[in-house]
Amino acid sequence: MENIFRILIIDDDTIDRKSMKRLLQGANSKYEIIEADSGEAGLERLFSEDFHCIFIDYMLPQKNGIEVLREARAGGICTPIIMLTGHGGELVATEMMKAGATDYIPKSILTREILYKTMQAAVQTAVAAEAKEKARASEERFHRAIASAPLPVIIHAEDGEVLQISNTWTEITGYTQQDTPRVKDWLQRAYGAQWEEVHDKVKNLFNISERVQVGEYMVKTRSGSTRIWDFSTAPLGSLADGRRAVISMATDITERKRYEDALLKAKEEAERANTAKSQFLANMSHEIRTPMNGILGMTDLILMMDLGDQQREYLEIVKSSTKLLLNVLNDILDYSKVEADKLILEEIPFGLGSVINEVIALFDYAAQQKGVSITTSIGVDVPRILIGDPFRLRQVLMNLIGNAIKFTDKGKVDIAITGRQWGEDQVKVKFVIVDTGIGIAEGKIDRLFQSFSQVDDSITRQFGGTGLGLAIAEKLTKLMDGEIWAESKDGQGSTFCFTAVFGLQSAQVPQRDIVYQDSIQYESGELKKVLLAEDDLVSRNMLTIILKKNGFKVIAVEDGQQAVEAFEQEKFDVILMDVNMPYLDGYGATAIIRLKEKTMEYYTPIIAMTAYALQGDREKCLVAGMNDYISKPINFSQTVDLIKKYVKKTSECIHEKLPHI
């Protein structure tokens, strides 16, 4: 439906109103014409209805046309108002225009054509004035918004004129728009010698078509302080004079940057502290394991002699106590590795039954001595071969089963193992260890898995322990994608449960446990030569005795330099190399030996010996060119077997130069 053009005629002369109405209706049938016979009636209609054009007679009773006009304008009426007058003259016309008339027509020349043209021009003028007013009001609102923006904001034209800056900009920098009338003035103040470099980037901003992230800049304020601002810029189009303009907004990220720097420094300090802790643990491991190696080794040597029963009993106690001390050390080192996320699980096939049997064998004698029976059941839903880390699984089981036996004076320890499918190629195994021991008070169960914690201080004195075993077990189960929990009542035994996720062995791989066994075939009358590089006198003498007892010829030296010199003088079947020696350590000696071998026709296996036992030590030895790794305290049987393994390999490859590692 088309809009009707509404016109109000205010005139006290009925004939003049009818004449006006006739002229207007003849010009356009879409006009709706409303009549008012007095100024008061006209004003009432004006303030209650909307009109597109208003005609007011100059001569009205009581309140004349000028007064009606002024009152209408004062009341906010912006509609085009055309005055009609029967009294010509410049003074009257001037008075009308000053009062707010859009135009005026003398009644003496009133025709349809003049009436229509005057009204059309008045309406166009009013529309243009309204549009201009709206634009002005919009621009004013925009500038007010920029001025009160919570961010630093600047608007500037492409010729460098600063059109506006926000109050926040001034508050932070101390510079007003009068201080920086041009962008160049601002850049010189804020960026000093680098202002030209930034200015070149500012010029390129006028080629953008959408908002862009400009980047972070160091801004110098009037007071001399430095702020960090993150700028983004957007185009504003062209101004009325044709110049292009852009608006740049900044986020003050000074405090955030300081916070990030503080966090970075804290992180670096934490990493340095962690490195220092790791180094301390490594040194502690070395310093403790080296004398323990001597104690255990010499104890084993004495136990090989003819001893009286009481002497043998005392030495067995010494050996047992040393092993307990070694377990405490291992707990501390394991906990440190887990805490530092340095512990990586292996993914190898293993037999679950073998692991369980090995753990039970460790505690079987202690259980028999106390009259505690151990029963085990493995559900049919548990695969015989699993993929995972058997050593870490064994560690968790040793903690839980060992505790169960330690805290059970009579009765039994039951171990139940069940499984269920976990995804396409995994199984989730649940282990339940139930004992009939002393139990745990219900309110103290939450302390079980805390580091260096016992449920009761008297427990430590009575049963010993670091309070780390269960904490390590909890972390290991998490690494195996499982969880651990306990249920117990004081005096009624305990139930410990944990779960772990393992891989399933491929059907193409034979389901068998692979156990490496090797032996050496000696040639008649020939002794295999071992170069032993060890700076600790006790360890050196002890290993020399053991190796000679096992049929090896031993050349012992005290440091890496002597090891290199001995290597240059004669050929050895294997080298036992301590990694921590004076003058030249084992890593350096190995590097020199491997370099010299490039011109030789044979290759000598090197086995590292170290009291360091942290994650990565084995890898470090292999990277250095060593073939294998044994940690102190040294297990004589395993060490001899390892030497035999490499001696045999060397014998088999006597006519073939092995590749360098």
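Here we summarise the structure given alongside this text. Predicted, not measured: the structure shown is a model, and the values here were computed from it.

### What to know about the pairing of strand β1 (residues 5-10)
Here is step 1 of the chain: Counting buried positions over the six residues of β1 gives five, a clear majority of the element.
Here is step 2 of the chain: Looking at chain direction, β1 and strand β2 (residues 31-36) are connected through six bridges and run parallel. From the neighbouring strand, Ile7 faces β2, where its bridge partner is Ile33.
Here is step 3 of the chain: As judged from the four bridges shared by β1 and strand β3 (residues 53-57), these two strands associate in the parallel manner.

### Quick notes on the layout of surface pockets
Here is step 1 of the chain: If you add up the space inside the second largest pocket, you get close to 360 Å³.
Here is step 2 of the chain: What lines the second largest pocket is a set of 15 residues, and nearest its centre among them are Cys78, Thr79, Pro80, Ala126 and Glu130.
Here is step 3 of the chain: For the lining of the second largest pocket, the class distribution of residues is eight nonpolar, four polar and three charged.

### What to know about the sheet that holds strand β8 (residues 212-220)
Here is step 1 of the chain: If you trace the five strands from one edge of the open sheet to the other, you get β7-β6-β10-β9-β8, paired in antiparallel fashion. Every interior strand has two partners, whereas the edge strands, β7 (162-165) and β8, have only one. Recorded for the sheet is a direction-independent mean angle of 25° between the axes of neighbouring strands.
Here is step 2 of the chain: Inspection of the sheet shows β8 paired to strand β9 (residues 226-238) by eight bridges, in the antiparallel sense. Bridge assignment links Val212 to a residue of β9, and that residue is Thr233.
Here is step 3 of the chain: Contacts from helix α7 (residues 183-191) reach β6 (153-157), β7, β8 and β9, with the element oriented near 60° to β8.

### Things to note about the pattern of salt bridges
Here is step 1 of the chain: For the coordinates displayed, the defined rule picks out 31 salt bridges.
Here is step 2 of the chain: Of the charged contacts in the structure, one is a salt bridge between Asp11 and Lys107, with a shortest N-O distance of 3.3 Å. With a gap of 96 residues between them, Asp11 in the loop between β1 and α1 (14-27) and Lys107 in the loop between β5 (103-106) and α5 (112-147) connect regions that are remote in the sequence.
Here is step 3 of the chain: The class of Lys107 is partly exposed, set by a relative accessible area of 25%.
Here is step 4 of the chain: Residue Glu216 is joined to Lys257 by a salt bridge in which the shortest nitrogen-to-oxygen separation is 3.2 Å. Placement of the pair is Glu216 in strand β8 and Lys257 in helix α9 (residues 254-303), with a sequence separation of 41 residues.
Here is step 5 of the chain: Overall, Glu216 belongs to the partly exposed group, its relative accessible area being 41%.
Here is step 6 of the chain: Through salt bridges with shared partners, a single ionic network connects Arg6, Glu32, Arg45 and Glu49.

### Things to note about the sheet that holds strand β18 (residues 528-533)
Here is step 1 of the chain: Strand order across the open sheet formed by five strands is β19-β18-β20-β21-β22, with parallel pairing between neighbours. Strands with a single pairing partner mark the edges of an open sheet, and in this sheet they are β19 (552-557) and β22 (628-631). With direction set aside, neighbouring strand axes in the sheet form an average angle of 20°.
Here is step 2 of the chain: Summarising the sheet, strand β21 (residues 606-610) and β22 pair through four bridges and their orientation is parallel. When the bridges of β22 are listed, Thr610 appears paired with Ser631.
Here is step 3 of the chain: Relative to β18, helix α16 (residues 560-569) is tilted by about 155°, and along the sheet it contacts β18, β19 and β20 (574-578).

So, how was this worked out
- Residues numbered from 1 in each chain as written.
- Predicted model: local features only at pLDDT ≥ 70, side-chain atom pairs only at ≥ 80, totals over all residues.
- Heavy atoms only, no water.
- Buried < 20%, exposed > 50% of the residue type's maximum accessible area, 1.4 Å probe, protein only.
- Helix = DSSP H or I, 4+ residues; strand = E, 2+ residues; numbered from the N terminus.
- Pairing = 2+ DSSP bridges.
- 1 Å grid on protein atoms, 1.4 Å probe; cavity = no way out; pocket = protein on both sides within 12 Å on 5 of 7 lines; lining within 4 Å.
- Points joined across faces, edges and corners; volume = space filled by probe spheres on them.
- Nonpolar A, V, L, I, M, F, W, Y, C, P; charged D, E, K, R; others polar.
- Axes fitted to C-alpha atoms, helices over the stretch in contact; angles between N-to-C directions.
- Contact = heavy atoms within 4.5 Å.
- Salt bridge = Lys/Arg side-chain N within 4 Å of Asp/Glu carboxyl O.

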